[in-house]
Amino acid sequence: MHELVERLYPLCRSITGDGVRATLDIVGEYLPLQRHEVPTGTPVLDWTVPQEWNIRDAYIADAAGHRVVDFAASSLHVLGYSVPVSATMPLSELRGHLHTLPEHPSWVPYRTSYYEPRWGFCLAQETLDALPEGEYEVRVDSTLADGHLSYAEHIVPGQVADEVIVSCHVCHPSLANDNLAGVAVATFLARALARERPWYTYRFLFAPGTIGAITWLARNAERIERVRHGLVLACAGDTGSLTYKRSRRGDAGIDRVMAHVLAASGRPHRITEFTPYGYDERQFCSPGFDLGVGSLSRTPYAGYPEYHTSADNPDFVSPEAMADTLAVCREAFSVLDRDRRYRNLSPYGEPQLGRRGLYDAIGGRSDAKQAQMAMLWVLSRSDGDHGLLDIAERSGLPFDTVAAAADALAAAGLIKA
Ligand code: ZN
């Protein structure tokens with residue numbers, strides 16, 4: 001995952017353009033992708049697909065022709081969606097187009113202007129402070145023209161057509177935790193799921209933030225009623241502890257599963273209520289859709305000083321943290337996939353477990369007592385209204401133990417899904 005982050009890091013992504021396509025090309029080496037290109041001007045819900053932005057070069061050069069700020073060194077140096085410019089001007093005039101972070105003088109900020117035609121540069125405060133007054137050449141070799149918005153999907157087929165969507169944004173340039181770590185975790189999560197033949201069909205969405213999710217929702221009206229659960233992955237690789245943000249519904253299946261898995265794992269974590277800000281849960285949970293989509297991150301957006309700066313680089317994300325985020329996703333989806341409601345087919349008095357070999361089946365296990373309790377709990381609660389996660393929560397037993405008990409009871413013909 002870290003290697004993937006490092007490969008994607010230099011690319012100049014934005015909400016449209018060749019940086020997104022190059023990103024999807026690389027992700028496509030790991031996963032087969034369905035690619036989509038949606039023309040500029042396409043109405044999508046209350047929005048319109050914007051013009052496509054591409055950039056080849058950008059710099060500020062001093063009178064001697066020396067590049068003092070150079071897009072080739074970092075994609076963050078140019079204001080995202082900058083209109084083209086080619087001019088010479090005094091530093092006093094140029095300052096109005098420069099963005100710095102005085103509180104972190106060695107860091108370059110990340111800034112965009114998607115919906116207002118502007119040009120600008122982002123640079124370290126200490127670089128700016130070192131510039132003498134005088135004339136500077138500024139050049140942004142970009143195009144803003146009718147084109148397309150690009151996004152991609154990867155589907156892991158399940159045993160049922162009901163879907164779980166996993167979404168991550170691919171619109172930030174050289175920022176590692178805020179976009180690339182989520183892309184890397186989603187990519188390896190899809191690969192892991194593909195080996196397991198899951199219950200649900202898992203749809204992975206690699207799309208630019210906001211406009212990409214809105215475009216997907218606008219083009220998938222018929223599919224939305226099949227979406228049972230969803231997870232937005234963002235800020236998935238910093239060394240902070242995990243944060244799960246509930247769906248707008250607050251008690252959706254994914255909300256209960258994530259809360260259970262995080263608590264049962266003993267990991268330090270935080271669970272926060274839904275807010276109409278953050279990442280694409282904003283779109284999936286808008287009241288017209290109101291999907292059961294939560295968001296998993298480590299330190300949430302804007303919660304760390306490196307957020308939206310050049311300090312959010314591949315060194316800021318760790319392989320261990322991404323592996324930990326991936327492990328929690330796999331645990332959660334494993335619970336989501338096995339959570340079923342059963343009906344006790346022998347509900348009058350306790351059925352005789354010994355006669356059916358069910359005590360023998362668990363006798364040698366080190367957790368034999370727990371396994372036996374799990375059978376009694378599953379039998380007791382399987383009235384068709386309570387699922388296995390309900391039973392795990394009510395009994396305090398691990399979900400895996402409860403699910404294993406249900407498997408044994410179902411095999412013995414005592415319960416039926
Ligand atoms: Zn961001």
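Quick summary incoming for the structure in this document. (Residues numbered from 1 in each chain as written. Predicted model: local features only at pLDDT ≥ 70, side-chain atom pairs only at ≥ 80, totals over all residues. Heavy atoms only, no water.)

## Considering the overall build of the chain
Worth spelling out the cut-off: Strands here are runs of E lasting at least two residues and helices are runs of H or I lasting at least four, both read from the DSSP assignment and numbered beginning at the N terminus. For each residue, the accessible area found with a 1.4 Å probe, counting protein chains only, is set against the maximum for its type, and the residue is called buried under 20%, exposed over 50%, and partly exposed in between. Any two residues having at least one pair of non-hydrogen atoms within 4.5 Å are treated as being in contact. Working definition of accessibility: Shrake-Rupley area with a 1.4 Å probe, residue cover restricted to the visible protein chains.
Looking only at helices and strands, the chain has 13 helices and 19 strands in total. Out of the 417 residues belonging to the chain, those deemed buried represent 54%. The contacts of the chain with a sequence gap of at least 6 include a subset with a gap of at least 24, amounting to 80%. In the structure as shown, the chain presents an accessible area of about 17200 Å², 49% of it carried by carbon and sulfur atoms.

## What to know about the state of the cysteines
Using the following cut-off: Two cysteine sulfurs form a disulfide in these notes if their separation is within 2.5 Å.
One pass over the structure, following the stated rule, counts zero disulfides. No disulfide involves Cys168; its sulfur sits 10 Å from that of Cys171, the nearest cysteine. Its relative accessible area of 2% is what places Cys168 among the buried residues. The closest cysteine sulfur to the non-disulfide-bonded Cys235 is located on Cys171, 12 Å from its own sulfur. On the basis of relative accessible area, Cys235 is assigned to the buried category, the value being 0%.

## As for the pattern of salt bridges
Note the threshold: Whenever Lys or Arg places a side-chain nitrogen within 4 Å of a carboxyl oxygen from Asp or Glu, that contact is recorded as a salt bridge.
Throughout the structure, instances matching the rule amount to 24 salt bridges. Here Glu29 and Arg7 are joined by a salt bridge, their closest N and O atoms 3.0 Å apart. Placement of Glu29 in helix H2 (residues 18-30) and of Arg7 in helix H1 (residues 2-8) is noted, with a sequence separation of 22 residues between them. With a relative accessible area of 54%, Glu29 lands in the exposed category. Ionic pairing is found between Asp400 and Arg338, a salt bridge with its closest N-O pair at 2.5 Å. Linking Asp400 in helix H13 (residues 399-411) with Arg338 in helix H9 (residues 319-338), this pair joins segments that are 62 residues apart in sequence. The class of Arg338 is partly exposed, set by a relative accessible area of 29%. Through salt bridges with shared partners, one network takes in Glu153, Glu163, Arg203, Arg223 and Arg226.

## Section: the side chain of Glu281
The following threshold applies: Counting of polar contacts relies on pairs of N or O atoms within 3.5 Å, with two restrictions inside protein: one atom must be capable of donating a hydrogen and the other of accepting it, and residues adjacent in sequence are counted only when both atoms are side-chain atoms.
One can find Glu281 in helix H8 (residues 281-284). Within polar-contact distance, the side chain of Glu281 engages the backbone nitrogen of Tyr279 at 3.0 Å. Those residues in contact with Glu281 that lie beyond four places of it in its chain are Val232, Lys245, Phe274, Ser286, Val293 and Ser295.

## Describing the sheet that holds strand S4 (residues 52-61)
Inclusion rule: Here a strand pair is declared whenever DSSP counts at least two bridges between the two strands. The axes are straight lines fitted to the C-alpha atoms, using for helices just the contacting stretch, and the angles between their N-to-C directions are given from 0 to 180°.
An order of S5-S4-S9-S6 is seen for the four strands of this open sheet, with the pairing classed as antiparallel. Single-partner strands in this sheet number two, and they are strand S5 (67-70) and strand S6 (85-90). Neighbour-to-neighbour, the strand axes of this sheet turn through a mean angle of 15°, independent of strand direction. Taken together, the three bridges between S4 and S5 define a ladder with antiparallel strand orientation.

## Quick notes on H9
The line we're drawing: Expected span of a helix: the number of residues minus one, times 1.5 Å.
Between its first and last C-alpha atoms H9 spans 29 Å; for 20 residues at 1.5 Å apiece the expected length is 28 Å, and the two agree. Buried within H9 are the following residues: Ala321, Met322, Thr325, Leu326, Val328, Cys329, Ala332, Phe333, Val335, Leu336 and Asp337.

## Some points on the packing of helix H5 (residues 176-194) against H9
Note the following rule: An angle below 35 degrees is treated as roughly parallel, one above 145 as roughly antiparallel, one from 65 to 115 as roughly perpendicular, and anything else as oblique. The hand of a helix crossing depends on one turn: near helix anticlockwise from the far one by less than a right angle means left-handed, and clockwise means right-handed. As a working rule, the residues Ala, Val, Leu, Ile, Met, Phe, Trp, Tyr, Cys and Pro are called nonpolar, Asp, Glu, Lys and Arg charged, and the rest polar, with Gly in that last group.
Relative to each other, H5 and H9 sit at 45°, their axes nearing to 10 Å. It follows from the interaxial angle that H5 and H9 lie oblique. Once H5 is placed against H9, the crossing between them reads as right-handed. Residues Ala181, Ala184, Val185, Phe188, Leu189, Ala192 and Leu193 of H5 pack against Met322, Thr325, Leu326, Cys329, Arg330 and Phe333 of H9. Tallied by class, residues from the contact of H5 with H9 come to 11 nonpolar, one polar and one charged.

The quantities given are spatial measurements derived from coordinates; they are silent on function.
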